[in-house]
Amino acid sequence: MPAIPGLWNAAQTLERLGGDEGLFHEVIEIFLREAPKQMASMRQALSRGDRDATERIAHTLKGELGYLGVSEACHNASELEDAGRNGDLARAAKIQILLEEDIEKIAQTMRDVLAQTPTGLSPVILSVRSSGAD
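In this text the structure is predicted, and so the values were computed from the model without any measurement.

1. Thoughts on the overall build of the protein chain
Counting its regular elements, the protein chain contains six helices and zero strands. For the protein chain, the N- to C-terminal ordering of α and β elements is α-α-α-α-α-α. Across the 134 residues that make up the protein chain, the buried fraction comes to 40%. Considering only residue pairs separated by 6 or more positions, the protein chain has 63% of its internal contacts joining residues 24 or more positions apart. Surface summary for the protein chain: the accessible area is close to 7000 Å², and the carbon and sulfur share equals 52%.

Structural data, given as structure tokens:
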């Protein structure tokens, strides 16, 4: 399964999870459910000028994206966290737009992977196994 440069690589995530299909599915479902809520909270924090909430939400997203192995989006979340910490909310708003675009692309890739088979996982498992990861 090819990865989209800078975005999410399902096979790498599954490998990080020790090949546990159930855990993989659970992690993806949680991300798909929670990331849009976090981005909405981020937009609200920025509109209120709440630098602490901006920093906190960005920190949470940074951890989730890092766990999933999405380095470019993780970097954007880190930059957003720094902007919130430093009170540079104009910069934070610009980064938030980029991060939101990243997350939407990642979420669509995840939905596509889950929709490929009834279990949503077989192509990922095959990709991991063919790469010699098991």
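2. Quick notes on the pattern of salt bridges
Going through the model one piece at a time under the given rule, you end up with ten salt bridges. Put simply, lysine 37 and glutamate 34 hold a salt bridge, and the shortest N to O gap is 3.5 Å. Remark: glutamate 34 and lysine 37 occur in helix α2 (residues 21-48); sequence separation between them is three residues, near one turn of the helix. Look at lysine 37 and you get partly exposed, because its relative accessible area is 47%. On the basis of relative accessible area, glutamate 34 is assigned to the partly exposed category, the value being 26%. Ionic contacts of the salt-bridge type, sharing partners, join the residues Glu55, Lys62, Glu81, Asp82 and Arg85 into one network.

3. A few points about the packing of α2 against helix α3 (residues 51-68)
Helix-helix packing is characterised by the crossing angle of the two axes and by the distance between the axes. With their axes 9 Å apart at the nearest point, α2 and α3 run at an angle of 155 degrees to one another. One element, α2, and the other, α3, form an angle in the roughly antiparallel class. Note that α2 runs across α3; the crossing there is left-handed. Together, Val27, Ile28, Phe31, Gln38, Met39, Ser41, Met42, Ala45, Leu46 and Arg48 of α2 and Ala53, Thr54, Ile57, Ala58, Thr60, Leu61, Glu64, Leu65, Tyr67 and Leu68 of α3 make up the contact between the two elements. A breakdown of the residues in the contact of α2 with α3 according to their chemical character gives 14 nonpolar, four polar and two charged.

Cut-offs applied
Residues numbered from 1 in each chain as written. Predicted model: local features only at pLDDT ≥ 70, side-chain atom pairs only at ≥ 80, totals over all residues. Heavy atoms only, no water. Helix = DSSP H or I, 4+ residues; strand = E, 2+ residues; numbered from the N terminus. Buried < 20%, exposed > 50% of the residue type's maximum accessible area, 1.4 Å probe, protein only. Contact = heavy atoms within 4.5 Å. Areas by Shrake-Rupley, 256 points an atom, 1.4 Å probe, with all protein chains shown as cover. Salt bridge = Lys/Arg side-chain N within 4 Å of Asp/Glu carboxyl O. Axes fitted to C-alpha atoms, helices over the stretch in contact; angles between N-to-C directions. Parallel < 35°, antiparallel > 145°, perpendicular 65-115°, else oblique. Left-handed = near helix turned anticlockwise from the far one by under 90°. Nonpolar A, V, L, I, M, F, W, Y, C, P; charged D, E, K, R; others polar.

Geometry only, nothing functional implied.
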